[in-house]
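Here is what each chain is made of, one letter per residue.
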Amino acid sequence: DAFSNWRVVHAGGTAGAVQLLALSFVWTRLRGHENAFAFLAGGIIFSTWAFFIGPLARAVGLPRLARRVNRAGALVAVPSYMALPLILWCRA
């Protein structure tokens, strides 16, 4: 069980790094709208960290903290990830 929890932490950290690299690429495509995009980027960054910290908390034996962090990440991630294609589509 502990091994699988640490595998989730490792996979989440790797996926989060890829997401942040993709976000940096998208950011360069939205020049001139940095202020409006900052809230969206902040939401994606927050949720990326939350989906790393949540599994990490579970792996070190803090399941209540893990649930809270994962829920907070989900509450921020859903609108952020839903808005990203809309912003890119409107910008195209």
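All residue numbers refer to position in the chain's written sequence, counted from 1. Where totals are concerned, whole chains, interfaces and linings use all residues; where local detail is concerned, this predicted model gives features only for residues with pLDDT of at least 70, and gives and counts side-chain atom pairs only at 80 or more. With hydrogens and water stripped out, all remaining heavy atoms of the structure feed into the side-chain values.

(A) Main features of the overall build of the protein. Tallying secondary structure elements over the protein gives three helices and zero strands in all. Only DSSP runs of H or I reaching four residues or more are called helices, and only runs of E reaching two or more are called strands; each is numbered from the N terminus. Ordered by position from N to C terminus, the α and β elements of the protein give α-α-α. A 1.4 Å probe rolled over the protein chains alone gives each residue an accessible area, and that area as a share of the maximum for its type sets the label: buried under 20%, exposed over 50%, partly exposed in between. By the burial criterion, 25% of the 92 residues in the protein qualify as buried. Looking at the protein as shown, the accessible area adds up to about 6300 Å², and 71% of this sits on carbon and sulfur atoms. Working definition of accessibility: Shrake-Rupley area with a 1.4 Å probe, residue cover restricted to the visible protein chains.

(B) The arrangement of a positive patch on the surface in detail. In this scheme, patches are assembled from residues that exceed 30% relative accessible area and form no salt bridge. Like charges are connected within 9 Å, while nonpolar side chains (Val, Leu, Ile, Met, Phe, Trp, Tyr) are connected within 5 Å. Here, a salt bridge means any Lys or Arg side-chain nitrogen found within 4 Å of an Asp or Glu carboxyl oxygen. Positive: Lys, Arg. Negative: Asp, Glu. His and the chain ends are not part of the count. Lysine's charge is taken at NZ, arginine's at CZ, aspartate's at CG and glutamate's at CD. On the surface, a cluster of positive charge is made up of R58, R64, R67, R68 and R71. A total of four residues in the positive patch trace back to one element, the largest contributor, which is helix α3 (residues 63-91).

(C) Up close: the packing of aromatic side chains. Any pair of Phe, Tyr and Trp rings, taking the six-membered ring for Trp, is counted once the centres come within 6.5 Å. Such a pair is stacked with planes under 30 degrees apart, edge-to-face with planes over 60 apart, and tilted for the rest. Per the counting criterion, the structure on display carries one aromatic pair. Measuring from ring centre to ring centre gives 6.2 Å for W49 and F52, while their planes differ by 75°; the resulting arrangement is edge-to-face. Here W49 and its partner F52 are both found in helix α2 (residues 34-59), three residues apart, which amounts to about one turn of the helix. According to the relative accessible area criterion, W49 is partly exposed, its value standing at 48%.

(D) Inspection of a nonpolar patch on the surface at higher detail. Taken together, the side chains of W6, V60, L62 and L65 define a hydrophobic patch exposed on the protein surface, amounting to about 370 Å² of accessible area. Here W6 is to be found in helix α1 (residues 2-29).

(E) Just the nonpolar core, in detail. Residues grouped as a nonpolar core are buried Ala, Val, Leu, Ile, Met, Phe, Trp, Tyr and Cys residues, joined through side-chain atoms within 4.5 Å. Core analysis: the biggest nonpolar cluster contains seven residues, these being L23, V26, F37, L40, A41, I44 and L84. Mapped onto this core, the elements with two or more residues apiece are α1 and α2. The element that contributes the greatest number of residues to this core is α2, accounting for four residues. Note on contacts: a residue pair is in contact if any heavy atoms of the two residues lie within 4.5 Å. Contacts of V26, omitting those with residues within four sequence positions, involve F37, L84 and L88.

(F) Quick look at the side chain of S80. Mapping S80 onto the fold places it in helix α3. Judged by its relative accessible area of 8%, S80 falls in the buried class. Those residues in contact with S80, other than ones at most four positions away along the chain, are L40, G43 and I44.

(G) Representation of the environment of A11 within the structure. Along the chain, the position of A11 falls in helix α1. Each C-alpha atom of the pair A11 and P55 lies 9.9 Å from the other, and the pair is 44 residues apart in sequence.

(H) Local environment of the side chain of T48. Structurally, T48 is set in helix α2. Definition of a polar contact: a pair of N or O atoms within 3.5 Å, with one able to donate and the other able to accept a hydrogen when the atoms are protein atoms, and with sequence-neighbouring residues admitted only if both atoms are side-chain atoms. One polar contact links the side chain of T48 to the main-chain carbonyl oxygen of I44, over a distance of 2.7 Å. Not counting residues within four places of it along the chain, the set of residues in contact with T48 comprises G16, Q19, L20 and Y81.

Any link to function would need more than the numbers given here.
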